[in-house]
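These are the residues of each chain, in order.
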Amino acid sequence: MGITPLTDCAPIAVAVERGFFEREGLRVEILREPSWANIRDKLAAGALEAAQMLAPMPFAATLGVDPVHQQVVTALSLGLGGNAITLSRELWHELETLDSRAGEHPSRSGRALARCVAARRARGAAPLRLGTVFPVSMHSFELRAWLAASGLAPDRDVRILVVPPPRMVAALEVGALDGFCVGEPWNTHAVQRGSGVIATTKHALWNHAPEKVLGVRLEWAERNPEVHRALLRALICASRWCDEAENRAPLAELLARPRYVGVPAAVLAPSLTAPSFHLFHRYAANFPWRSHAVWMLCQMLRWGQLEKPIDLRRVAAEVYRSDLYREAAADLGLPVPSADEKVEGVHESTWRVPGEHVDLEVGADLFFDDLRFDARDPVAYLAAQTIHDRVVRLDELAKAQSAAS
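Residues numbered from 1 in each chain as written. Predicted model: local features only at pLDDT ≥ 70, side-chain atom pairs only at ≥ 80, totals over all residues. Heavy atoms only, no water.

Enquirer: Even after reading the chapter, I still don't get empty space enclosed by the protein, so can you show me in this structure?
Expert: Where empty space is left in the structure can be found by rolling a water-sized probe over the atoms. One pass over the structure, following the stated rule, counts four cavities of 30 Å³ or more. Looking at the largest cavity, its volume works out to about 110 Å³. Surrounding the largest cavity, Met138, Glu142, Ala145, Leu205, Trp206, Ala209, Trp295, Arg302, Phe367, Phe368, Asp369 and Tyr381 form its lining. When residues of the lining of the largest cavity are traced back to their parent elements, those giving at least two are α7 (138-149) and α16 (290-302). The dominant element in the lining of the largest cavity, judged by the number of residues it contributes, is α7, at three residues. Split into classes, the residues belonging to the lining of the largest cavity amount to nine nonpolar, no polar and three charged. Forming the walls of the second largest cavity are 14 residues, and the residues nearest its centre are Leu80, His208, Tyr283, Lys342 and Gly363. A per-class count over the lining of the second largest cavity returns seven nonpolar, four polar and three charged. (1 Å grid on protein atoms, 1.4 Å probe; cavity = no way out; pocket = protein on both sides within 12 Å on 5 of 7 lines; lining within 4 Å. Points joined across faces, edges and corners; volume = space filled by probe spheres on them. Helix = DSSP H or I, 4+ residues; strand = E, 2+ residues; numbered from the N terminus. Nonpolar A, V, L, I, M, F, W, Y, C, P; charged D, E, K, R; others polar.)

Enquirer: I tried to follow the sheet that holds strand β10 (residues 196-201) on my own but got confused; where do I start?
Expert: Within a sheet, adjacent strands bond to each other through the backbone by hydrogen bonds, running parallel or antiparallel. Judged by pairing direction, the sheet is mixed, and its five strands sit side by side in the order β8-β7-β9-β6-β10 without closing on themselves. The two strands at the open ends of the sheet, each matched to only one other strand, are β8 (159-162) and β10. On average, each strand axis in the sheet is inclined to that of its neighbour by 25°, with strand direction left out of account. Both strand β7 (residues 129-132) and β8 contribute to a ladder of four bridges, which runs parallel. For threonine 132, the partnering residue across the bridge sits in β8 and is valine 162. Contacting β6 (83-88), β7, β8, β9 (179-183) and β10, α7 runs over the sheet at an angle of about 60° to β6. (Pairing = 2+ DSSP bridges. Axes fitted to C-alpha atoms, helices over the stretch in contact; angles between N-to-C directions. Contact = heavy atoms within 4.5 Å.)

Right under this line is the structure:
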């Protein structure tokens, strides 16, 4: 099983070290990969049977957005939250000069950044260079949403570069980047080294947003249904362990080992103890919501990664296998949502969704730009965006959704 050195590989690490895989009769070898491209390529080639993946990566593979075209599915979210946008100390100082309250809200820091970009352009300076971990990632979508809501066109006004997570801080410190969006612990690492300042967090941009999933090839899942189901059960149990408050300190020590993240526990602990920053099981964090999936597909349309209209909900259902999650959860006697979708962007505090036997508590889901997302009407959501990049014509997209229904 492949992982990358990030705090949110925690459920996989815990399933190994605390014996959850072993209890399910599984023998799992962990391969620590330096980049998401490595994960993608090795999973497609069969060198990995399962992997920690960026939540949108199965869509990129299944739809042939990447060079690798392979049907990949997920039946498990590995958690919610975990990212932040960090800027160099020098750039942050420029923003604070323009707005002393830039750190109060993503909209304030974004508007200050837009003024900074305009000032740089006026004096003939090179565009800012901002790092993201993979083109089709929540990091990329979050960074672009922040920029676009601030009036910046991400593919015109800045340069967005792909850098593997463990190299982000070094790239910032040598001046190859002016900022980045990355998962923990790399934001905290930059802050503790004095080279970066966290401008905003994933949770501030979208409360309790999806982040990583367990990805497997569809053909492997179909050939090994019982092994896959056991894998899901083990990881659900490990995720529950990760969310117990008393386990967060030992979790930091575990992840500090070289085979997992390989940084001191003191770098890992801040995000693990910050409220709402990492959720591994609470608030139905393991359920693969198809509304999350449709939102990601909308971002792929918005930023030109998909060039033709598709039936978004059909693709979401093919890749995000909530049916398989329900089977594994039933084995464990755990409640599950009765629906595959929920409306996002309307709840400012915890609320309850109907379950098959009991209602489930889920977290706030507000977007920083106050938009609302309903997977049943993705066209309305895309039409509300102020900046697009080669988006499929919305009338054509609307026809594709109408034909499907």
